[in-house]
Every structure is written in structure tokens, then in C-alpha cells.
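Understanding the architecture of this molecule
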Amino acid sequence: MRAVTFAWIAALCLLYSIHLLHLQADFPNFSPWMDYSKYTDEGWYGSGAVRHFLGGSWRLPGDFNPAAALPIWPVLEALVFHFTGVSLAAARTLVVAVFGGNLLLLYSLLRTQHPRLIALLGVTIAAACAFLYAFSRLAILEPLLIFWTLLSWRLALSLPDAASRAKRLSLLIAIGLLICLSVLTKTTGIFLIPAVFYLIWRAADFRPAKFARYAIASIAAAALPWLAYFLVFVRPHALSDYQYLFAANETISPSSMTGKLAAFWYALHGILWIDVSLGLLAAVFFILSAIWLRRLWRNPIFVASLIATAGYVFFIGWHNNMQPRYYQVVAFPLILLVCAGTASLLRQRGWAGFAALAAIVLGIGLNLRLTMHFVRHPEYTFVTAAQNLTNYIDQHPNGNRLLLSISGANITLATHLPSICDDYGTWDLPYRIHTYKPGWYAAWNEMDPGTLEDLETQYSAQKVAQFPAFDDEDRNLLILYKLNPLPLEKQAYQPLAEEKANAGK
């Protein structure tokens, strides 16, 4: 058995190591998941760190500055860039390291309740998952949110074993700090908080007074550093950027009850993006927990996973924006839930447990097949397009080297070409281009009519080059425009007094 375990662990290490291959490759083209994060999010959410190293400032006034509300990821990226310099590969190496931490935490959580083989099975599901392979290699926020969440769960499960009051208090403070880090990593971490408080409630033996003491300690540990950050850094220096992040992420929710129910149904259905067999098994175990497997409700991992899954699916449905990347956060609770259910089924209904195990093994095989297809066929269309675009700009000087583009932050991360965003920013676009005077504009496939209207107040846009990239038929051609300033007498834009005032802030 020891030899089998050793071989299994060695295979898992090898499986994890393939995540480090082809780090500059595209998010897999023609995959089952179409997600716009591959065009923008790696650059956006690390932009504070990138600007710090390339331009000397974490914040560019008037542009999109998400680090004001979400500072943890850019701070970690800055630590890496201090040693490696700014690069796409460095940012992705960091996120793959975080994914490795998530695998270790997954194992540790399962070992608190189950035998080693069940824990290894859970890690295998995650490491082989093609969905997680694709998204865990993008330098986006979800993997780090998962890390803080799983770590807080692990500490909460240690509370009953704490031998002294001082140790319990230390654990509760640490859990609160992890909650704070979660929210400052990605604000949707709020929807995962009920799961960790369930585990605290369980550690308090479901006694209200004891739970209240525990909860107050963790809430205070979470709220005080968040409040200090807000009062010391955000409110005096970046309040408009902080508020803008929430305004920019607003979506249109259905007005009718039928529409709302449909949104939540699609959010629940989106779980199948992770893996069909995993999603179906989770549904089966949820049903069986009310019939055969009622002991599952005594398993803290099972209940916490259900609460976390429900909380995040609720957010997705309420937000009414079913982007596949959101389901990374659901994937790990789902794996924990399925492993807990399989272990319980093996103990209580052996034949049914082996059937569930067979379904899991089949799912692992299918995922490995797709993952290995991605590994064997990497494509570099985006980094090639970004480099060719940058080379064109450098070979055809046009005054200001600054690029205006929705994907500008990703291009900056890849090639260090300075950029501002044309779609998001606290200043209106005409005022931003009036202030920063970009020399170039890049759009996907066609220029947005509203952007063209704003540009034509001060520039004429001349199409000069195009570069194929990615796979979406609506966004597979990056088109570069040279911006030629109009004569002053033909410029239709004059900044308002309040815009001039904003420039000084």
C-alpha cells in the first residue's frame, strides 16, 4: 500500500508540473468555455503592480484602477515582479503556485475527515480537471480567493482541538484575517463567509452563546484591518476608484420573477462547465443525503461545501452574469462534497460506492484526455499579436507611444507598452484621451461606434495593421489604428470645469 501511495503522489506531482508548461500560451482556443477574462482580466487586476514597476505609480488617475478595492493580488504580483521583472509568465507562475497551495489544502481538509486514499482521490480530481487546468493558468483573482477560503476552513476545523483559550483566540483571529484577505482579493468572497461561520458554529458545539463569542472575535479580526485599509488608503486617495469598481460591475437583472428564476437556474446549470460527471454526482449525493446518507450532515466538509456552493451560485444568479471563470470557486467545494459523499457511500452501501468511484475515475480519464490535448497543442496567438502590435508602434513613431484599448492592460503586461482602457475609467473617455493623448488605438474586430464618436472629437483614426488572436469569431482580430490629432479649430471637445478639477485629484 505504501508503494501505491508513493506512486500516486509521484503521479500527482507530475500532473501538477504540467501546469507550469507553456505559461505564455493562450487560454485554450476552441475549448468548451468562452470567457472574456482572457482578453482583459490578467492585465486589469494586476495593473497596480505593473504600473508601479513600469511607471512608478500604482494608480493612473481617471483610468480603471481596481487595486483600490482589490489590493491583495497586485501586492503579491509586485513581490514577484521585484525579483523577476514584469512579465506574463511571472504572473502566471504565481497563480500556478497558488493552485498548488489549493491542492495541498484540499488534501488537508479531506484528511481531517477521511482516509488518505479519499484525500488523494480529491487532489487527483482537481489536478486532472481540464476546466481548472485552463483557468488556473490565468493570472486572475479566483484561485487566490479559493486559497484564503480553504485555509480559513482548515483553521476552523482545528478549533475543537485547540487545547487552550489563547490558541482558540489565535485561530479565530487568523480566520478573521483570512476573511479580510478574501474580500480584499475579490469582493465576492462575501458569499463564501457563511460556510466558514458554519464551521465556527460547529466548533462552538452549536451553542449560541459560545458561537457569539467566537464569531465576535473573527468578525472583529476581519473588520478592523479592512476598516483601517479603507480609512487610511482608500478614502483619502482612491475613493472614486473604489466606488467605480462596483459601478462598472453592475449588470442588468431580470425584472420578472420568471426571469429571476431562469437566471438562478442558469447559474446552477453552469456547474456542469466544471465537469458533467462531477456536477451530476454532487446532485446525487445531495439527494442521497436526505435518504440513505443522512450521516453526511454530520460531516463538516460536506455541509460547508454545500453552503459555499449555494452561496456562490446565488451570487452568479443574482449578478446575472454566467462567466465560466466564476465556477473555479465552486469547483473545490464540489470536489470536497463528492469525495465526502463517495466515502460515505463506500462505508454504508459498498456496491453503490464503487459505482460512484467508477464514475469519478471515468470523469478523471475524460478530463485527462482533454487536458493533455491542451498541453500538446499550445497556441501563442495573443502574445504574438501583442508583440507584433508593439513592434509596429515602435517602428512607426507617432508622437505618444501610449495605446488606448480594452485589452491594453494585458498588452502592457505582455510587452510593457503603456496603455489606458477605452471602456472603463472614472473619467469620461473624451476627457481621458484629452488628458493622456494616446497615439494609438486597438480594437477587437471592429471599432465600437461610441468609442469612435468619442475619438472623433479630437482625432481621426487610421487603420494601419491587424493581428489575428484567439478563437472567438467576434474577437479574433486585433486591429490597430493610428490616432491623428485634429487641428484645434476642428476639435469638438472642450473639457468642462469639473473635469479640470478632477484632473487635479
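As a reminder, the structure under discussion sits directly above these lines.
What counts, and where the lines are drawn
- Residues numbered from 1 in each chain as written.
- Predicted model: local features only at pLDDT ≥ 70, side-chain atom pairs only at ≥ 80, totals over all residues.
- Heavy atoms only, no water.
- Helix = DSSP H or I, 4+ residues; strand = E, 2+ residues; numbered from the N terminus.
- Rg over C-alpha atoms; globule rule 2.2 N^0.38 Å.
- Buried < 20%, exposed > 50% of the residue type's maximum accessible area, 1.4 Å probe, protein only.
- Pairing = 2+ DSSP bridges.
- Core = buried A, V, L, I, M, F, W, Y, C linked by side-chain atoms within 4.5 Å.
- Contact = heavy atoms within 4.5 Å.
- Disulfide = S-S within 2.5 Å.
- Axes fitted to C-alpha atoms, helices over the stretch in contact; angles between N-to-C directions.
- Parallel < 35°, antiparallel > 145°, perpendicular 65-115°, else oblique.
- Left-handed = near helix turned anticlockwise from the far one by under 90°.
- Nonpolar A, V, L, I, M, F, W, Y, C, P; charged D, E, K, R; others polar.
- Phe/Tyr/Trp six-rings, centres within 6.5 Å; stacked < 30°, edge-to-face > 60°.
- Patch = residues over 30% accessible without salt bridge, like charges linked within 9 Å, V, L, I, M, F, W, Y side chains within 5 Å.
- Areas by Shrake-Rupley, 256 points an atom, 1.4 Å probe, with all protein chains shown as cover.
- Salt bridge = Lys/Arg side-chain N within 4 Å of Asp/Glu carboxyl O.
- Lys, Arg positive; Asp, Glu negative; His and termini not counted.
- Charge placed at Lys NZ, Arg CZ, Asp CG, Glu CD.
- 1 Å grid on protein atoms, 1.4 Å probe; cavity = no way out; pocket = protein on both sides within 12 Å on 5 of 7 lines; lining within 4 Å.
- Points joined across faces, edges and corners; volume = space filled by probe spheres on them.

Quick notes on the overall build of the protein chain
Check the secondary structure of the protein chain and you find 22 helices and 5 strands. The C-alpha atoms of the protein chain give a radius of gyration of 25 Å, which matches the 23 Å a tight globule of 505 residues would have. Seen along its three principal axes, the alpha-carbon backbone of the protein chain occupies a region of about 80 × 50 × 50 Å. Residues counted as buried form 54% of the 505 residues belonging to the protein chain.

Examining the pairing of strand E4 (residues 459-472)
Moving residue by residue along a regular strand, the side chains alternate between the two faces of the sheet. In terms of strand pairing, E4 meets strand E5 (residues 475-485) through 10 bridges, oriented antiparallel. The residue bridging aspartate 472 from the neighbouring strand is arginine 475, located in E5. Counted along the chain from E4 to the antiparallel partner E5, the turn is 2 residues long.

Let's talk about the nonpolar core
Residues Trp153 and Ile274 are the most contacted members of the largest nonpolar core, which totals 156 residues. Residues within four places of isoleucine 274 in sequence aside, it is in contact with Cys129, Phe131, Tyr327, Val330, Ala331 and Leu334. Counting residues in hydrophobic clusters, the runner-up holds 17 residues, among them Ile420, Leu429, Ala443 and Tyr481.

Points about the state of the cysteines
Any covalent bond linking the sulfur atoms of two cysteines counts as a disulfide. Scanning the model with the defined rule gives 0 disulfides in all. Between cysteine 129, a cysteine without a disulfide, and cysteine 339, which holds the nearest cysteine sulfur, the sulfur-to-sulfur distance is 12 Å. Assessed through its relative accessible area of 4%, cysteine 129 is described here as buried.

Thoughts on helix H20 (residues 429-436)
In terms of burial, H20 is largely enclosed, as 6 of its 8 residues are buried. Turning to H20, its buried residues number three or more, namely Leu429, Pro430, Tyr431, Arg432, Ile433 and Tyr436.

Description of the packing of helix H1 (residues 2-17) against helix H6 (residues 116-128)
Their axes nearest at 10 Å, the elements H1 and H6 cross at an angle of 20°. Relative to H6, H1 is oriented roughly parallel. In this structure, H1 crosses over H6, and the sense of that crossing is left-handed. Touching Thr5, Trp8, Ile9, Leu12 and Leu15 of H1 are Arg116, Leu117, Leu120, Leu121, Val123, Thr124, Ala127 and Ala128, all from H6. Its residues assigned to classes, the contact of H1 with H6 comprises 10 nonpolar, 2 polar and 1 charged.

With respect to the side chain of serine 152
Here serine 152 shows up in helix H8 (residues 142-158). Setting aside residues up to four positions removed in sequence, serine 152 forms contacts with Ile175, Leu178 and Val196.

A look at the packing of aromatic side chains
In this structure the tally under the stated criterion is 38 aromatic pairs. Taken together, a centroid distance of 6.2 Å and an interplanar angle of 75° make the contact between phenylalanine 64 and tyrosine 244 edge-to-face. Note that phenylalanine 64 is positioned in the loop between helix H3 (47-55) and helix H4 (72-84) and tyrosine 244 in helix H12 (residues 239-248), a separation of 180 residues in sequence. No difference in accessibility class separates phenylalanine 64 from tyrosine 244, as the two residues are buried.

Here we look at H3
Among the residues of H3, Ser47, Gly48, Ala49, Val50 and Arg51 are the ones counted as buried. Against helix H2 (37-45), H4 and helix H19 (408-415) lie the buried residues of H3. One or two positions beyond H3, positive phi appears at glycine 56, with a value near 90°.

Some points on a nonpolar patch on the surface
A cluster of nonpolar residues, Phe286, Ile287, Ile291, Trp292, Trp297 and Trp351, forms a patch on the protein surface that exposes about 690 Å² of accessible area. Relative to the helices and strands, tryptophan 292 is located in the loop between helix H14 (276-288) and helix H15 (300-319). Judged by relative accessible area, which is 32%, tryptophan 292 ranks as partly exposed.

Examining the pairing of E5
When strand E3 (residues 440-444) meets E5, the two strands line up antiparallel, connected through 5 bridges. Counterpart to tyrosine 441 in the pairing with E5 is tyrosine 481.

What to know about the sheet that holds E4
With mixed pairing, 5 strands are arranged side by side in an open sheet as E2-E1-E3-E5-E4. In this open sheet, the two strands that pair with only one neighbour each are strand E2 (419-420) and E4.

Examining the packing of H3 against H4
In the contact formed by H3 and H4, the axes pass within 7 Å of each other and the chain directions differ by 40°. The segment H3 lies against H4, with Ala49, Val50 and Phe53 engaging Pro74, Glu77, Ala78, Phe81 and His82. In the contact of H3 with H4, the residues fall into 6 nonpolar, 1 polar and 1 charged.

Description of a negative patch on the surface
On the surface, Asp423, Glu446, Asp448, Glu473 and Asp474 cluster together to form a negatively charged patch. One can find aspartate 423 in the loop between E2 and H20. For aspartate 423, a relative accessible area of 45% gives the class partly exposed.

Topic: the pattern of salt bridges
Scanning all chains against the criterion turns up 10 salt bridges. Of the charged contacts, one joins arginine 92 and glutamate 42 as a salt bridge, the two residues approaching to 2.8 Å between their closest N and O atoms. Taken together, the residues span a long stretch of sequence, with arginine 92 in helix H5 (residues 88-111) and glutamate 42 in helix H2 at a distance of 50 residues. Both residues of the pair, arginine 92 and glutamate 42, count as buried.

Some remarks on the side chain of threonine 451
Take threonine 451: it is sitting in helix H21 (residues 449-455). Under the relative-accessibility criterion, threonine 451 is labelled buried at 7%. Discounting chain neighbours no more than four positions away, the residues touching threonine 451 are Asp422, Leu429 and Tyr441.

Description of the layout of surface pockets
Approximately 1200 Å³ is the volume found for the largest pocket. Trp44, Ala248, Asn249, Asn321 and Tyr424 are, among the 50 residues lining the largest pocket, the residues nearest its centre. The set of elements that each furnish at least two residues to the lining of the largest pocket consists of H2, H12, H15, E3 and H21. Here the lining of the largest pocket takes 5 residues from H2, the largest share from any one element. Along the lines of polarity and charge, the residues of the lining of the largest pocket split into 24 nonpolar, 13 polar and 13 charged.

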